[in-house]
Amino acid sequence: IKSIGHATKNITLVSQFLPGGQLLSRLIRISREKNVDVAIVTSHREDEYFNAFPHQLAYQHFLLQIRSCPRIRLVHFHKKVHVKLLLIDNAEALFGSHNFWYLGGLLGTEEIAFHTKDKKLINELKDFMRKIMSSKSLTV
């Protein structure tokens, strides 16, 4: 949450789970107040996470929340996503096994995330994202 508060240009969030709670509220506020572009990349649209009860209700609620935010773009990748990556202004990154999901941390699922500002590593992560975004992704 603290890291995305530093954003001035763009935020890219990649996760199998959609952001919710405080993370989503902060992304919405930053996109509106600071005119920051936010890309949320997740699994293909046919994934059970978006279609099975009760998950489809959370998905529909998520879509309603971001619908009024033109600077937030949801991208469904053409296959299941398992990457967990947060890029901020292409200058700061958080990546690892953590799903950026509050409940996961609260339940003590022993997730980990690495925070870096290393330019070489950031460039490699940007290249990785460029490849993902230029493939067969679908935008909602």
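In this report, we go over the structure that sits alongside the text. (Residues numbered from 1 in each chain as written. Predicted model: local features only at pLDDT ≥ 70, side-chain atom pairs only at ≥ 80, totals over all residues. Heavy atoms only, no water.)

A count of helical and extended segments in the protein gives 5 helices and 7 strands. In the protein, the succession of helices and strands from N to C terminus is β-α-β-α-α-β-β-β-α-β-α-β. Counting the 140 residues in the protein, one finds 38% classified as buried. If you take every contact in the protein between residues at least 6 apart in sequence, the share linking residues at least 24 apart comes to 69%. For the protein, the accessible surface area stands at approximately 8200 Å², while carbon and sulfur atoms represent 57% of it. (Helix = DSSP H or I, 4+ residues; strand = E, 2+ residues; numbered from the N terminus. Buried < 20%, exposed > 50% of the residue type's maximum accessible area, 1.4 Å probe, protein only. Contact = heavy atoms within 4.5 Å. Areas by Shrake-Rupley, 256 points an atom, 1.4 Å probe, with all protein chains shown as cover.)

Bringing helix α3 (residues 55-67) into the picture now. If you check α3, its first and last C-alpha atoms are 18 Å apart, about what 13 residues at 1.5 Å a residue would give, namely 18 Å. Buried within α3 we find Y59, F62, L63 and I66. All buried residues of α3 lie within an arc of 100° about the axis, which places them on one face of the element. Looking at the packing, one finds that the buried side of α3 touches α1 (21-33), β2 (37-42), α2 (48-51) and β3 (72-76). (Expected span 1.5 Å × (residues − 1). Arc of directions from axis to C-beta.)

This brings us to the packing of aromatic side chains. This model, assessed by the stated rule, comprises 4 aromatic pairs. Their ring planes at 75° and their centres at 5.2 Å tell us that Y49 and F50 sit as a pair that is edge-to-face. For F50, a relative accessible area of 1% corresponds to the buried category. (Phe/Tyr/Trp six-rings, centres within 6.5 Å; stacked < 30°, edge-to-face > 60°.)

Attention shifts here to the nonpolar core. Membership of the largest hydrophobic core comes to 23 residues, with the highest contact counts inside it found for I4, I11, F62 and L74. Of all the elements in the fold, those that place two or more residues in this core are β1 (10-14), α1, β2, α3, β3 and β4 (85-88). A per-element tally of this core places α1 first, with 5 residues. In this structure I11 touches I4, L27, I30, V36, D37, V38, A39, L86 and L87, once residues within four positions along its chain are discounted. Counting residues in hydrophobic clusters, the runner-up holds 12 residues, among them V14, L85, L87 and I132. (Core = buried A, V, L, I, M, F, W, Y, C linked by side-chain atoms within 4.5 Å.)

Counted according to the given criterion, the structure contains 4 salt bridges. The salt bridge partner of D37 is R71, with a shortest N-O separation of 3.1 Å. Taken together, the residues D37 in strand β2 and R71 in the loop between α3 and β3 connect sequence positions 34 residues apart. Between K80 and D47 there is a salt bridge, with its nearest N and O atoms 2.7 Å apart. Placement of K80 in the loop between β3 and β4 and of D47 in the loop between β2 and α2 is noted, with a sequence separation of 33 residues between them. (Salt bridge = Lys/Arg side-chain N within 4 Å of Asp/Glu carboxyl O.)

Tracing the backbone through its elements, the reader meets T12 in strand β1. Taking relative accessible area as the criterion, T12 reaches 15% and is therefore assigned buried. If we ignore the near neighbours within four places in the chain, the residues touching T12 are A39, L85, L86, L87 and M129.

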